[in-house]
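For reference, the chains in residue letters:
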Amino acid sequence: MSVKFTPAPDALYDGGRFRVYGNRIEIDRLGFFGGVKGVDVVYYGDITSVQASRKQLVISRTGWKTNILDFKKQEQVQEVLDIINTHKL
């Protein structure tokens, strides 16, 4: 069964395989053949640390889970980091 996924229209940043909203980050989970299998949701309140390198953002959250977001430009990393910092409680 294949379900077409449509993201919410109020995304502050759309990175292709992930979207940044005012209170959460949605990261697409890919299946074996590359299709979207599901979505991981990371709420800002669950984030324990964020590490920014050149074109990557490593998000550590409670429960030993980490997510790595890849970007094409270093400015995009800073833009998403600013969104997270302004909306985190």
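The preceding data block contains the structure.
Owing to the predicted nature of the structure, the values given are computational and were not obtained by experimental measurement.

Draft legend 1. Focus on the overall build of the protein. Within the protein one finds one helix and seven strands. The secondary structure elements of the protein, listed N-terminal to C-terminal, are β-β-β-β-β-β-β-α. Taken over C-alpha atoms, the radius of gyration comes to 13 Å for the protein, in line with the 12 Å a tight globule of 89 residues would show. Based on the C-alpha atoms only, the size of the protein along its principal axes is roughly 40 × 30 × 25 Å. Counting across all 89 residues of the protein, residues that qualify as buried make up 30%. If you take every contact in the protein between residues at least 6 apart in sequence, the share linking residues at least 24 apart comes to 24%. Accessible surface for the protein amounts to roughly 6,400 Å². Of this, 52% is attributable to carbon and sulfur atoms.

Draft legend 2. Quick look at the sheet that holds strand 5 (residues 47–52). In space, the three strands of this open sheet follow the order 5-6-7, with antiparallel pairing throughout. The sheet is open, and its two borders are formed by strand 5 and strand 7 (65–70), each paired with just one other strand. On average, each strand axis in the sheet is tilted by 15 degrees relative to the strand beside it, whichever way the strands run. Of the strand pairs in this sheet, strand 6 (residues 56–61) and strand 7 are connected by six bridges, and their pairing is antiparallel. Pairing of Ile 59 across the sheet is with Asn 67, part of strand 7. In the packing of helix 1 (residues 74–87) onto the sheet, contacts are made with strand 5 and strand 6, and the angle to strand 6 comes to roughly 30 degrees.

Draft legend 3. Geometry of the side chain of Arg 24. Examined against the element boundaries, Arg 24 turns out to sit in strand 3 (residues 24–30). Assessed through its relative accessible area of 17%, Arg 24 is described here as buried. Within polar-contact distance, the side chain of Arg 24 engages the side chain of Glu 26 at 3.2 Å. If we ignore the near neighbours within four places in the chain, the residues touching Arg 24 are Ala 8, Arg 19, Val 41, Val 42, Tyr 43 and Tyr 44.

Draft legend 4. Spotlight on the pairing of strand 3. Within strand 3, five of the seven residues are buried, which leaves it mostly tucked inside the rest of the structure. When strand 2 (residues 18–20) meets strand 3, the two strands line up antiparallel, connected through three bridges. From the neighbouring strand, Arg 19 faces strand 3, where its bridge partner is Glu 26. With seven bridges joining them, strand 3 and strand 4 (residues 36–43) adopt antiparallel strand pairing.

Criteria and thresholds
- Residues numbered from 1 in each chain as written.
- Predicted model: local features only at pLDDT ≥ 70, side-chain atom pairs only at ≥ 80, totals over all residues.
- Heavy atoms only, no water.
- Helix = DSSP H or I, 4+ residues; strand = E, 2+ residues; numbered from the N terminus.
- Rg over C-alpha atoms; globule rule 2.2 N^0.38 Å.
- Buried < 20%, exposed > 50% of the residue type's maximum accessible area, 1.4 Å probe, protein only.
- Contact = heavy atoms within 4.5 Å.
- Areas by Shrake-Rupley, 256 points an atom, 1.4 Å probe, with all protein chains shown as cover.
- Pairing = 2+ DSSP bridges.
- Axes fitted to C-alpha atoms, helices over the stretch in contact; angles between N-to-C directions.
- Polar contact = N/O pair within 3.5 Å; in protein donor to acceptor, adjacent residues only side chain to side chain.

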